[in-house]
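Working through the structure, step by step
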Amino acid sequence: MSPYPSSGLLTEAANHPPGLFVLLLMANGSPRLLGELMLVASLIAFGDMATVLRYAGKKGAALGIHGFTGLVIVATGACLIFGAK
């Protein structure tokens, strides 16, 4: 048995609901709530970064891909929250 997380159907299906939540909130025009969701969703990217680091993945890839993505999501969420009226 491999020590690495599987990339089967179950893990792929887990990636779709957060995107659907974002689309739903964008359609309803609630920027503050969307921003809050984005802050929570950034935990997915940071969790992915931790997983890559935990399983001896490349540090540059973990920080450059997943860490940077998490920071962009946090920045977007903060802009939506503080820009909301």
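Read on for an overview of the structure.

About the thresholds
- Residues numbered from 1 in each chain as written.
- Predicted model: local features only at pLDDT ≥ 70, side-chain atom pairs only at ≥ 80, totals over all residues.
- Heavy atoms only, no water.
- Core = buried A, V, L, I, M, F, W, Y, C linked by side-chain atoms within 4.5 Å.
- Buried < 20%, exposed > 50% of the residue type's maximum accessible area, 1.4 Å probe, protein only.
- Helix = DSSP H or I, 4+ residues; strand = E, 2+ residues; numbered from the N terminus.
- Contact = heavy atoms within 4.5 Å.
- Salt bridge = Lys/Arg side-chain N within 4 Å of Asp/Glu carboxyl O.

**Quick notes on the nonpolar core**
One finds Val 22, Leu 25, Leu 34, Met 38 and Ile 73 forming the largest nonpolar core, which totals five residues. If you list the elements that add at least two residues to this core, you get helix 2 (16-28) and helix 3 (31-54). In this structure Ile 73 touches Met 38, Ala 41 and Ser 42, once residues within four positions along its chain are discounted.

**Details of the pattern of salt bridges**
All chains considered together, the criterion is met by one salt bridge. Its salt-bridge partner being Glu 36, residue Arg 32 comes within 3.4 Å of it at the nearest N-O pair. Taken as a pair, Arg 32 and Glu 36 lie in helix 3 at a separation of four residues, close to a single helical turn.

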